Amino acid sequence: MNTRLTEMMGINYPIVCGGMMRLAYPPLCAAISNAGGLGNLTAAMYEDRESFRGAIQETRRLTDKPFIVNVTLLPSIGVSDDRYAMYFDTLTDERVAAVEISGTPLHRYQNGFYLKKLKDAGVKLFHKVGSVRHGKSAEKAGYDAVFAAGVEEGGHPLNENVATTVLTPRMAEELSIPVITTGGMADGRGLAAALCLGAEGVMMASRFINTRECAVHEKVHEELIRRQENETVLYGNSIGLQGRALLNESIREVLKIEERGGGLEEIIPHIAGALGDEIWQKGDVERGLVAVGQSIGLIHNVLTCKELLDGIVQDAEAILKSNLRRFS
Ligand SMILES: Cc1cc2nc3c(=O)[nH]c(=O)nc-3n(C[C@H](O)[C@H](O)[C@H](O)COP(=O)(O)O)c2cc1C
């Protein structure tokens, strides 16, 4: 399946893994790239240069295919400029194939110094955005492509809440650089739909949790199969950073705190990163932030990355061909 995304990155399938804090480690990243997609290594899990460089090198030992590195650029949540400098310097030195920026656009950080540095090193730059104007601004600044992130997505959808089905064609009609749909994408129907809407591919994250190569407790896999599309919720508007997460005990508490006007100090204990290991490694999904998207309604099994990606592309091709026949 060839699109401008597969051509730009030299990959077989137009399917990218999104950044996933605590989950997108080298083995999963490499498995996705080896299966023909674009695996993701998430920088925020590494606090120093040695471990970050080590993770890039470990991924390269596991795959000779390209992969993308997520940098969530949110200086406002207390990550230091030194840490970001370490990420961008290492990514430049290592000349990784591609970088996914979310949060602050790279051209608005440090006067675009790192954007230029990464581009000069030949790194492809992708920005995850939730609006047409942010997409246009990224294109103007020299990004190579954008992820059009609809409100269905896990993580932090923009609080304008535009759905993927509208955001994708709007971005495709306004931008010249490739647009890749994210939010609600989990199977061949999604990929076929995204291509019809003008995208060059899809980014998925939640779906990749239910792969054999994603190192989580079996209870997490079972829970994602059991939970449906109406069991995630938007939270965080009162503190200026909207997120989407699984509806569980902690998020119910957060919603109550927000409703009565409570502040960040009250919210943090319920969603703190420290709870992450309990969730993913011990399978306690009722406590803490499980940042999944509405696409969990489309997760019915656990597959290897290869089974998942082969299946998605075969299904998408079949759907596109059969519908051509149906309507001609
Ligand atoms: C468990 C999990 C952790 C995530 N962590 C990050 C992150 O650290 N940075 C980021 O930019 N996006 C993060 N995201 C968002 C994804 O990269 C992606 O934009 C979104 O999940 C796509 O929607 P989907 O999950 O329905 O496929 C995370 C998503 C999940 C499911």
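For the structure itself, consult the block above.
These lines cover the structure that appears in this document, whether it is placed above or below. None of the values given here were measured: they were computed from a predicted structure.

Focus on the nonpolar core
Nonpolar side chains in soluble globular proteins generally cluster together in the buried interior.
In step 1: Within the largest apolar cluster, 41 residues are counted, with the highest numbers of intra-cluster contacts made by Phe-52, Val-71, Phe-88, Leu-91 and Leu-106.
In step 2: With six residues, the top contributor of residues to this core is helix α4 (residues 81–94).
In step 3: Once you skip the residues sitting within four places of it in the chain, Phe-88 turns out to touch Val-71, Leu-73, Ile-101, Leu-106, Tyr-109, Tyr-114 and Leu-118.

Considering the sheet that holds strand β4 (residues 98–103)
In step 1: Taken in spatial order, the eight strands make up an open sheet running β1-β8-β7-β6-β5-β4-β3-β2, and their pairing is parallel. Each edge of the sheet is formed by a strand with only one pairing partner; in this case those strands are β1 (15–17) and β2 (39–42). Adjacent strand axes in the sheet meet at a mean angle of 30 degrees when their direction is disregarded.
In step 2: As defined by bridge partners, strand β3 (residues 67–73) adjoins β4 across six bridges and the pair is classed as parallel. Note that in β4 the partner of Asn-70 across the bridge is Glu-100.
In step 3: Helix α3 (residues 49–62) rests against β2 and β3 of the sheet, and its axis sits at about 155 degrees to β3.

As for the side chain of Thr-6
In step 1: Among the structural elements, Thr-6 can be located in helix α1 (residues 4–9).
In step 2: Beyond its immediate sequence surroundings of up to four residues, Thr-6 is in contact with Met-1, Ile-11, Asn-12, Tyr-13 and Pro-14.

Overview of a nonpolar patch on the surface
In step 1: On the surface, Ile-239, Leu-264 and Ile-268 cluster together into a nonpolar patch covering about 220 Å² of accessible area.
In step 2: Inspection of the secondary structure puts Ile-239 in the loop between β9 (232–235) and β10 (243–246).

How each quantity is defined
- Residues numbered from 1 in each chain as written.
- Predicted model: local features only at pLDDT ≥ 70, side-chain atom pairs only at ≥ 80, totals over all residues.
- Heavy atoms only, no water.
- Core = buried A, V, L, I, M, F, W, Y, C linked by side-chain atoms within 4.5 Å.
- Buried < 20%, exposed > 50% of the residue type's maximum accessible area, 1.4 Å probe, protein only.
- Helix = DSSP H or I, 4+ residues; strand = E, 2+ residues; numbered from the N terminus.
- Contact = heavy atoms within 4.5 Å.
- Pairing = 2+ DSSP bridges.
- Axes fitted to C-alpha atoms, helices over the stretch in contact; angles between N-to-C directions.
- Patch = residues over 30% accessible without salt bridge, like charges linked within 9 Å, V, L, I, M, F, W, Y side chains within 5 Å.
- Areas by Shrake-Rupley, 256 points an atom, 1.4 Å probe, with all protein chains shown as cover.
- Salt bridge = Lys/Arg side-chain N within 4 Å of Asp/Glu carboxyl O.

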